[in-house]
Amino acid sequence: MGSTFLQGLREDIRTRGYSLATEKTYTLWIKRYIYFCDYRHPADVGPEKIKEYLTHLAVNCHVSSNTQKVALNALVFLYQKYLRIPVGDLGFTLARKQRSLPTVLTQQEVGLILSKMKGVCKLVGLMMYGSGLRVSECLALRVQDINLERKAVNVFDGKGRKDRQTLLAPSLVTPIKQQIGDALRVQRRDIAKGVGCSMSPALTRKYPKAFQQPAWAYVFPSYNLCAHPLTGELCRHHLHPSTFRKALKAAVNEAEIMDKRVNSHTFRHSFATHLLQSGSDIRTVQELLGHNDVSTTQIYTHVLGDHYAGTRSPVEFLNGLSEAA
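Quick summary incoming for the structure in this document. (Residues numbered from 1 in each chain as written. Predicted model: local features only at pLDDT ≥ 70, side-chain atom pairs only at ≥ 80, totals over all residues. Heavy atoms only, no water.)

If you look at the biggest cluster of nonpolar residues, it comprises 39 residues, and the most contacted ones within it are Ile-113, Met-127, Ile-146, Ile-176, Phe-220, Phe-244 and Phe-267. Where this core is concerned, the elements lending two or more residues are helix 6 (107-115), helix 7 (119-131), helix 8 (135-139), strand 2 (152-155), helix 9 (173-192) and helix 11 (241-255). Of the residues forming this core, the biggest block, 6 residues, is contributed by helix 7. If sequence neighbours within four positions are ignored, Phe-267 has contacts with Val-110, Ile-113, Leu-114, Gly-125, Met-128, Tyr-129, Phe-244 and Leu-248. If you look at the next biggest cluster of nonpolar residues, it comprises 24 residues, including Val-45, Leu-72, Ala-74 and Leu-90. (Core = buried A, V, L, I, M, F, W, Y, C linked by side-chain atoms within 4.5 Å. Buried < 20%, exposed > 50% of the residue type's maximum accessible area, 1.4 Å probe, protein only. Helix = DSSP H or I, 4+ residues; strand = E, 2+ residues; numbered from the N terminus. Contact = heavy atoms within 4.5 Å.)

What follows is about the packing of helix 7 against helix 9. Remark: helix 7 packs on helix 9, axes separated minimally by 11 Å, with the N-to-C direction vectors making an angle of 130°. Viewed along their axes, helix 7 and helix 9 adopt a mutual orientation that is oblique. In this structure, helix 7 crosses over helix 9, and the sense of that crossing is left-handed. Packed against helix 7, whose contacting residues are Val-120, Leu-123 and Met-127, the element helix 9 presents Pro-175, Ile-176 and Gln-179 at the interface. In terms of residue class, the contact of helix 7 with helix 9 is made up of 5 nonpolar, 1 polar and no charged. (Axes fitted to C-alpha atoms, helices over the stretch in contact; angles between N-to-C directions. Parallel < 35°, antiparallel > 145°, perpendicular 65-115°, else oblique. Left-handed = near helix turned anticlockwise from the far one by under 90°. Nonpolar A, V, L, I, M, F, W, Y, C, P; charged D, E, K, R; others polar.)

Our focus in this paragraph is the packing of aromatic side chains. By the definition in use, this model includes 9 aromatic pairs. Between the aromatic rings of Tyr-18 and Tyr-26, the centroid separation amounts to 6.2 Å while the plane-to-plane angle is 50°, which identifies the pairing as tilted. Residue class for Tyr-18 comes out partly exposed when judged on its relative accessible area of 26%. The exposure class assigned to Tyr-26 is buried, which follows from its relative accessible area of 13%. Three or more aromatic residues joined by ring pairs make a cluster, and in this case those are Tyr-33, Phe-36, Tyr-53 and Tyr-79. Its guanidinium or amino end placed over the ring of Trp-29, Arg-32 lies 4.7 Å from that ring's centre, counting from NZ or CZ. When the ring centre of Tyr-218 is taken as reference, the NZ or CZ atom of Arg-142 above it lies at 4.2 Å. (Phe/Tyr/Trp six-rings, centres within 6.5 Å; stacked < 30°, edge-to-face > 60°. Lys NZ or Arg CZ within 6 Å of the ring centre and 35° of its normal.)

Attention now goes to the pattern of salt bridges. As enumerated under the stated definition, the model contains 8 salt bridges in all. For Asp-12, the salt bridge is made with Arg-16, and the minimal N-O distance between the two is 2.8 Å. By relative accessible area, Asp-12 is classed as buried at 18%. If you follow the salt bridges from partner to partner, you end up with Arg-134, Glu-137 and Arg-164 in one network. (Salt bridge = Lys/Arg side-chain N within 4 Å of Asp/Glu carboxyl O.)

Spatially, 4-6-5 is the arrangement adopted by the 3 strands of the open sheet, whose pairing is mixed. This sheet does not close on itself; its edge strands, each paired only once, are strand 4 (196-197) and strand 5 (226-227). For strand 5 and strand 6 (residues 234-236), the ladder comprises 2 bridges, and the chain directions are antiparallel. Within the sheet, the bridge partner assigned to Cys-226 lies in strand 6 and is Cys-235. (Pairing = 2+ DSSP bridges.)

Running from N to C, helix 6 and helix 12 (residues 264-277) cross one another at 145°; their axes reach a closest spacing of 11 Å. Every pair of crossing elements has a handedness; the one defined by helix 6 and helix 12 is left-handed. Every residue of helix 12 that contacts helix 6 at Gln-107, Val-110, Ile-113 and Leu-114 is listed here: Phe-267, Ser-270 and His-274. Its residues placed into classes, the contact of helix 6 with helix 12 shows 4 nonpolar, 3 polar and no charged.

Next up on the list: unusual backbone geometry. Phi at Arg-84 takes a positive value of approximately 55°, unusual for a residue other than glycine. Looking at the element boundaries, Arg-84 is found in the loop between helix 5 (65-82) and helix 6. On the basis of relative accessible area, Arg-84 is assigned to the exposed category, the value being 66%. Even without being glycine, Lys-151 reaches a positive phi, approximately 55°. Relative accessible area serves as the criterion here: at 36%, Lys-151 is assigned to the partly exposed category.

For Ser-64, the location among the structural elements is in the loop between helix 4 (48-59) and helix 5. Residue Ser-64 is classed as partly exposed on the basis of its relative accessible area, which comes to 39%. Polar contacts involving the side chain of Ser-64 include one to the side chain of Thr-67, which spans 3.1 Å. (Polar contact = N/O pair within 3.5 Å; in protein donor to acceptor, adjacent residues only side chain to side chain.)

In this section: helix 4. Here helix 4 is 12 residues long and its end C-alpha atoms lie 18 Å apart, about the 16 Å a rise of 1.5 Å per residue gives. In the core, the buried residues of helix 4 are packed alongside helix 2 (20-36) and helix 5. (Expected span 1.5 Å × (residues − 1).)

This is the structure:
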């Protein structure tokens with residue numbers, strides 16, 4: 001069992017329409033599971049080995065509950081969907097996830113960090129904070145996803161394979177318009193060389209000339225050409241997330257913000273929190289973020305203090321009696 005088994009697994013994942021990121025993650029965990037089983041075929045050891053493996057991850061590898069869940073999802077896919085072997089009740093309880101509050105920056109801190117960034121990475125940060133986008137969603141934006149007139153941003157196939165629409169800050173219309181112009185110039189140079197932006201194979205078969213249309217150009221194209229991960233053809237993908245993360249880390253260090261753990265997702269957390277602070281309805285924030293359940297959005301109310309929708313502590317209504325304390 002080797003490359004043939006894994007290649008068949010990858011093909012099955014792609015046939016089901018899973019994202020490339022999911023394919024890589026599932027393949028990685030299944031390979032680790034096979035290694036744990038001393039390279040025996042998963043069908044031979046049976047799904048009973050899953051419980052032992054998840055226990056090993058928690059006890060010996062000290063992984064988080066989220067990591068356990070990812071591994072479990074990969075192995076359930078392996079047995080039930082690929083090998084068509086029912087998993088049944090494993091009698092296993094995942095480690096309880098510790099409830100943690102999201103890291104949120106003040107508006108002053110956001111402004112300070114962004115002031116230390118330059119060029120495209122600064123605009124990416126502004127878009128993430130201004131529209132509540134994940135870094136993957138922001139970098140994957142195409143020209144047709146930006147509606148400058150309606151000041152709206154369309155997110156297609158976001159997390160959970162969901163589409164949604166969020167707002168575009170009026171102050172970002174001009175810089176985004178300039179960035180789109182730069183992206184289209186890159187596209188025209190690529191077309192002259194017979195190269196286009198990366199697209200899914202299915203979309204390429206349906207619209208062979210789509211890569212030549214301005215609408216499909218990435219707003220934030222990568223600096224270099226690369227091989228398409230599925231077809232191997234030369235193409236231009238969007239900017240890699242690591243490019244932004246490196247720029248963000250340097251900006252945070254330069255801003256000397258040492259008391260908070262800042263990453264790409266912090267801009268999204270700050271977007272939601274600041275909207276709620278300004279009195280925005282939680283249902284509206286839920287839609288802008290693309291959360292399925294409002295309970296997910298409610299986590300941001302725990303970091304608002306007395307700013308949430310103008311709420312004041314009842315002690316403030318004691319007519320000065322609290323001063324006696």
